[in-house]
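Architecture at a glance
Each chain, written out:
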Amino acid sequence: MRPLGVLVLALAPLLLGAAKPVLVPDVSQREIEIAYSFTGARLLLFGAILYPRGRAPDAAKPTDIVVVVKGPAQSILVREKEKVAGIWVNAERTRYRSAPSFYAIASSRPIADIVDEKTRAIYELGLSSLQLSPASGAVAEEQARFDAGLVDLKTRNRLYYEDPDAVEITDGVLYRANVAIPARVPVGRFTAETFLIQDGRVLAAAVREITIRKSGFERFVARSAERSSFIYGLVAVALSVAFGWGAGAIARRF
Amino acid sequence: MDVYLPIANLSVNALVIILLGGGVGLLSGMFGVGGGFLTTPLLIVYGIPPTVAAASAASQVTGASVSGAMAHFRRGGIDIHMGVVMVAGGVMGAIAGAGVFRLLQASGQIDTVIAVLYVLLLGSIGALMLREALQTIGAMRAGRPPRPRKRRHHPLVAALPLRWRFYRSGLYISPLAPLILGFATGMLTVLLGVGGGFVLVPAMLYLLGMSTQVVVGTSLFQILFVTAAATMTHALTTKAVDIVLAALLLLGSVAGAQVGARLAQRMQPEYLRLALAAMVLLVAIRMLLGLAWRPDEIFTVEIS
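Criteria and thresholds
- Residues numbered from 1 in each chain as written.
- Chains lettered and ligands numbered in written order.
- Predicted model: local features only at pLDDT ≥ 70, side-chain atom pairs only at ≥ 80, totals over all residues.
- Contact = placed C-beta atoms within 7 Å.
- Helix = DSSP H or I, 4+ residues; strand = E, 2+ residues; numbered from the N terminus.
- Nonpolar A, V, L, I, M, F, W, Y, C, P; charged D, E, K, R; others polar.
- Pairing = 2+ DSSP bridges.
- Axes fitted to C-alpha atoms, helices over the stretch in contact; angles between N-to-C directions.
- Buried ≥ 20, exposed ≤ 12 C-beta atoms within 10 Å, placed from the backbone.
- Domains from an automatic or database assignment.
- pLDDT = per-residue confidence, 0-100.
- Parallel < 35°, antiparallel > 145°, perpendicular 65-115°, else oblique.
- Left-handed = near helix turned anticlockwise from the far one by under 90°.

At the interface, 49 residues of chain B touch 48 residues of chain A. Residue assignment for the side of chain B that touches chain A shows that the elements contributing at least two residues are β1 (2–5), β2 (10–13), α3 (50–74), α9 (212–236), α10 (243–265), α11 (269–292) and β5 (299–303) of chain B. Sort the elements by how many residues they give to the side of chain B that touches chain A and α3(B) lands first, with 10 residues. Here the side of chain B that touches chain A is built from residues that sort into 29 nonpolar, 15 polar and 5 charged. In this structure, strand β5 (residues 73–84) of chain A lies alongside β5(B), joined through 5 bridges in antiparallel fashion. Paired with Glu80(A) across the bridge in β5(B) is Phe299(B).

See the structure below:
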């Protein structure tokens, strides 16, 4: 009796887990290097949905995949312009402790059709459910205005976006999604989260990290400007003098 | 051809930047101005962050003024004595300007201040130049000799204590006047990324009353050193000098400046001055509209 009980207990989590599908995700690139001709990158997020005991996907209960790519969080200051004495000047401002520098959400169907508002808020799915963590205690109404302004600005810069049909699911088992990362993103650690959703419930989630960094010459320049600013300044001045002098010298020959 | 700018953190079309530099260089060669007053706004319109634009435009002006200053030096068109006094003032102005820049940046009003300064400076100087050019052209058309200038220098300048002799400029005035002038332009260079030639030349002519033979050469001499100091100041404080952006701008502008200088020799200086006045006024009006019109972006984001 006893050995059987131990066996049942040991297997229980496996059996429970086996009732749900499992996610096996991956990304095309773990590292993105910014070099001189960098104009952005296309990230391919792909993987498989494993169903318990090799069961075939149930056609009556379709599963959805949602992929969220987030850039490093930044502490930012958002300013709002207002017309004062005939000209537009920065007036009110709000600080956000950690707003994602980049946020892209790709899904197999529009996100509002997949999960309800509560779940969206828990997992930060969708631009309207972003947790922007404002630092200043502003009035809710004003806060909402700033949130909307920030999201709108970032959306138009292609730094925040929703792509409701970017995830392709093949035979209910394999999925793939393309996420475009523009050249304007800051360097740092990005996360790619994949959610497996069925019946409005998140069944499985997995995170992969992607590092974006400057490489080669770009890295050298950025680092020199930061660390040896005096020499960097001298080189910049010398460069401009050399250019001007060179052009003058060439022009005098003609 | 896309090139990634390591300090501005974005990629730009290299050809567009080179052509932009070339166009500005052409104008600067023609009119003898650095062209910073065009580069900075154009770069901002292209999407470069304002601080990076101002910091990198300063180095472009350095490049544009080198060959001009050297040409004037060979012809003896620089009052070195006067130039050194102005450079001393300019370097002090650049350092003070960096402090003001930081204060304004912290208060969030830097963009407005830059725009308002542009409108005031360009508007008033453009209007002055336009009036002067129209008068000269009118007099020329009528066949009258141009009116001789009555005053050598402004009474305020004469009131300053301590007098030095500036032989090449033909002046006996207080060194404080060019020192203050240099200080003001040095500050403008850091704040606006302009060389300040469009302020310096009229000020040297009408306030100091310098001899016209040395005005352009001496202003180029001062601009050369002060923009270099401004680049250094930016490299040390804002760290916003993008060397790749500067190199692209320089490539275009030094070539454009040589072509412009040749074009200028074929044109009548009176009409050239009229064209410059019109261009300066146009930029001023554009900036004024930018202040008064509802901007595209009500919200701006700054990393803190």
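We are not done yet, so read on.
Residue and element names in this part refer to chain B. Residue position: Ala-203 is located in helix α8 (residues 197–208). Taking C-alpha positions, Ala-203 is 16 Å from Phe-31, a pair spaced 172 residues apart along the chain. In this structure, Ala-203 is in contact with Leu-181 and Leu-208, ignoring residues within four places of it in sequence.

Okay, the sheet that holds strand β10 (residues 174–182) of chain A next. Residue and element names in this part refer to chain A. Read across the open sheet, the 4 strands follow the order β1-β3-β10-β9; overall the sheet is antiparallel. A single partner strand is all that each edge strand has here, and the edge strands are β1 (22–27) and β9 (167–170). Recorded for the sheet is a direction-independent mean angle of 20 degrees between the axes of neighbouring strands.

On to helix α2 (residues 36–46) of chain B, then. Taken across its 11 residues, α2(B) has 9 buried, putting it largely inside the fold. Just downstream of α2(B) lies Gly47(B), where phi reads positive at about 110 degrees.

Residue and element names in this part refer to chain A. Positive phi, normally seen in glycine, also occurs at Glu-124, with a value near 55 degrees. Along the chain, Glu-124 falls in the loop between α3 (117–123) and α4 (140–156). Even without a glycine there, the phi angle at Arg-158 is positive, about 60 degrees. A residue is classified by how many C-beta atoms lie within 10 Å of it, and Arg-158, with 16 of them, is partly exposed.

All names here are of chain A. For chain A, the assigned domains are domain 1 (17–214) and domain 2 (217–254). Relative placement of domain 1 and domain 2: their C-alpha centres are 40 Å apart. On the domain 2 side, the residues contacting the 4 residues of domain 1 number 4 residues. Here the residues of the side of domain 1 that touches domain 2 sort into 3 nonpolar, no polar and 1 charged.

Right, let's get into the sheet that holds β5(A). In spatial order, the strands read β6(A)-β5(A)-β5(B); together these 3 strands make up an open sheet with antiparallel pairing. Each of the sheet's edge strands pairs with one partner strand only, and the pair in question is β6 (87–100) of chain A together with β5 of chain B. In this sheet, neighbouring strand axes are inclined to one another by 25 degrees on average, regardless of whether the strands run parallel or antiparallel. In this sheet, β6(A) lies alongside β5(A) in antiparallel orientation, the contact comprising 10 bridges. Paired with Glu82(A) across the strands is Val89(A), a residue of β6(A).

Looking at chain A as a whole, its pLDDT mean stands at 83, while 89% of the residues score no less than 70. Put simply, helix α1 (residues 2–18) of chain A is where chain A has its lowest mean pLDDT, 50, and strand β7 (residues 103–107) of chain A is where it has its highest, 92.

Note that Leu205(B) resides in helix α8. Sequence-distant contacts of Leu205(B), defined by excluding residues within four places in its chain, comprise Met210(B), Thr212(B) and Val215(B).

With that settled, the discussion passes to the packing of helix α4 (residues 80–107) of chain B against helix α7 (residues 176–192) of chain B. All names here are of chain B. Axis separation between α4 and α7 bottoms out at 6 Å; the angle between their running directions is 40 degrees. Between α4 and α7, the angle falls in the class oblique. Crossing handedness for the pair α4 and α7: right-handed. For the contact of α4 with α7, the class distribution of residues is 21 nonpolar, 8 polar and no charged.

The predicted structure's coordinates, where accompanied by low pLDDT, should not be read in detail. Per-residue confidence for chain B averages 80 on the pLDDT scale, and 91% of its residues sit at or above 70. Here the prediction assigns the complex a pTM of 0.77, and the interface score ipTM is 0.81.

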